[in-house]
Amino acid sequence: MMSIDLNADLGEGMGTDEDLLEIVSSASIACGGHAGDAPTIRHILKTCKARGVRAGAHPGYADPKRFGRFRVVMPLDQLLGQIRSQLFLIRFIADEVGVPLSYVKLHGALANQTAEELAFAVGIFATIQAMDPKMAVLALDNSEQVRAAKAVGMPLIREAYADRAYTGEGLLVPRSQEGAVIHDVEAVIARCLRLAKAGEIVAIDGTVLKSTSRSICLHGDTPGAVDLARDVRDALEGEGIAVAAQQPEVPE
């Protein structure tokens with residue numbers, strides 16, 4: 001049976017975590033940078049354990065006032081320190097709860113920057129790999145994140161976005177641009193089905209992008225996120241596509 005992963009960004013204070021954890025197969029958990037705190041992380045990890053949901057870390061720029069969605073100019077060592085601190089926190093709690101952390105997914109501006117800048121992405125991923133060589137990265141397919149993961153030898157899970165518009169080059173349309181977030185439920189469902197069945201995503205300019213992504217991100221902070229996630233899962237399963245966490249590509 002064909003299958004695909006549904007992942008959501010959780011622990012961001014949206015009040016939808018419990019409901020989304022009944023729908024998704026992977027949870028990317030904010031770990032104190034753009035959002036998240038120890039009690040929230042612990043609760044989500046315990047829920048993941050109880051429901052069989054794969055858990056991952058979701059670090060970003062330590063800029064909660066702007067939700068980590070703006071690039072912050074700082075020395076690279078300072079940024080790497082922020083990432084390490086976030087990963088130390090969530091790993092400590094995960095060990096305490098007895099839940100394996102399977103992957104890292106970068107958040108917001110940090111994710112966009114690593115998707116665009118190969119050398120920057122290599123530096124970030126090498127730091128994460130040094131902390132845990134078995135940690136996979138959930139990476140935007142066809143971006144510099146994928147190339148960086150391969151360069152440093154990280155296990156790789158390719159990701160696509162259900163509710164975000166793509167440029168013709170395969171990157172995400174900036175949120176400042178009209179149409180960057182897709183609110184039409186039927187359009188989101190159609191996109192997910194096309195990706196799962198045909199490996200295609202249509203960009204905002206009409207370009208048909210090829211993708212081998214087997215994980216679809218559903219944003220937890222999108223209005224109506226729970227209903228949208230449930231509708232997407234129902235549509236996939238209605239087409240005979242199972243929702244399940246996917247094994248990472250192992251580096252050669």
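Residues numbered from 1 in each chain as written. Predicted model: local features only at pLDDT ≥ 70, side-chain atom pairs only at ≥ 80, totals over all residues. Heavy atoms only, no water.

Novice: Outline the nonpolar core, listing residues and values.
Specialist: With 78 residues, the main nonpolar core has L45, I124, F125, I128, Y166, V232 and L236 as its most contacted residues. No other element matches the eight residues that helix α3 (residues 76-97) contributes to this core. The contacts of I128, once residues within four sequence positions are left out, are I83, L87, V104, L106, M135 and M154. (Core = buried A, V, L, I, M, F, W, Y, C linked by side-chain atoms within 4.5 Å. Buried < 20%, exposed > 50% of the residue type's maximum accessible area, 1.4 Å probe, protein only. Helix = DSSP H or I, 4+ residues; strand = E, 2+ residues; numbered from the N terminus. Contact = heavy atoms within 4.5 Å.)

Novice: Can you lay out the pattern of salt bridges for me, pointing to particular residues and giving the numbers?
Specialist: In this structure the tally under the stated criterion is 16 salt bridges. R51 is the salt-bridge partner of E18, the closest N and O atoms lying 3.0 Å from each other. Of this pair, E18 sits in helix α1 (residues 17-20) while R51 sits in helix α2 (residues 38-51), placing them 33 residues apart in sequence. Assessed through its relative accessible area of 33%, E18 is described here as partly exposed. E237 is the salt-bridge partner of R233, the closest N and O atoms lying 2.9 Å from each other. Here R233 pairs with E237, and both are found in helix α8 (residues 225-238), just four residues apart, close to one helical turn. What makes R233 partly exposed here is its relative accessible area of 21%. Judged by relative accessible area, which is 38%, E237 ranks as partly exposed. One connected set of salt bridges, linked through shared partners, spans D9, K105 and E159. (Salt bridge = Lys/Arg side-chain N within 4 Å of Asp/Glu carboxyl O.)

Novice: Tell me about helix α6 (residues 144-152), and please be specific about residues and values.
Specialist: For α6, the set of buried residues is Q145, V146, A148, A149 and V152. Seen from one end, α6 has its buried residues packed into an arc of 165 degrees, which puts them on one side. Among the exposed residues of α6, those pointing more than 90 degrees away from its buried face are K150 and A151. Where α6 is buried, its residues meet α4 (108-116), α5 (118-131), β5 (136-140) and β6 (156-161). You can read the cap of α6 off the contacts: a side-chain oxygen lies 3.1 Å from the backbone nitrogen of Q145, and it is on S143. Two residues or fewer after α6 comes G153, characterised by a positive phi angle close to 80 degrees. (Arc of directions from axis to C-beta. Polar contact = N/O pair within 3.5 Å; in protein donor to acceptor, adjacent residues only side chain to side chain.)

Novice: Please set out the packing of α4 against α5 residue by residue, giving values where relevant.
Specialist: It is the contact of α4 with α5, at a shortest axis distance of 6 Å, that shows an interaxial angle of 120 degrees. Classified by the angle between their axes, α4 and α5 sit oblique to one another. Judged by residue contacts, L110, Q113, T114 and E116 of α4 engage L118, F120, A121 and I124 from α5. The residue makeup of the contact of α4 with α5, split by class, is five nonpolar, two polar and one charged. (Axes fitted to C-alpha atoms, helices over the stretch in contact; angles between N-to-C directions. Parallel < 35°, antiparallel > 145°, perpendicular 65-115°, else oblique. Nonpolar A, V, L, I, M, F, W, Y, C, P; charged D, E, K, R; others polar.)

Novice: I'd love a proper account of α8, names of residues and values included.
Specialist: Over its 14 residues, α8 runs 20 Å from end to end, which matches the ideal 20 Å to within 8%, given 1.5 Å per residue. Turning to α8, its buried residues number three or more, namely A225, V226, L228, A229, V232, A235 and L236. Lining the buried residues of α8 we find β1 (3-10), α1, α7 (185-198), β9 (215-218) and β10 (242-243). (Expected span 1.5 Å × (residues − 1).)

Novice: If you had to explain the pairing of β5 to someone new, which residues and values would you point to?
Specialist: In terms of residue burial, β5 counts as a mostly covered element, since five of its five residues are buried. Covered by surrounding structure in β5 are A136, L138 and L140 together with V137 and A139, the residues of both alternating faces. Relative to β5, strand β4 (residues 101-104) is paired through two bridges, and the arrangement is parallel. Its bridge partner being in β5, Y103 is matched across the sheet by A136. Looking at chain direction, β5 and β6 are connected through four bridges and run parallel. Bridge pairing links V137 to L156 in β6. Once the chain exits β5 it traverses α6 before rejoining the sheet at β6, and the crossover so formed is right-handed. (Pairing = 2+ DSSP bridges. Right-handed = clockwise from strand over helix to strand, strands pointing away.)

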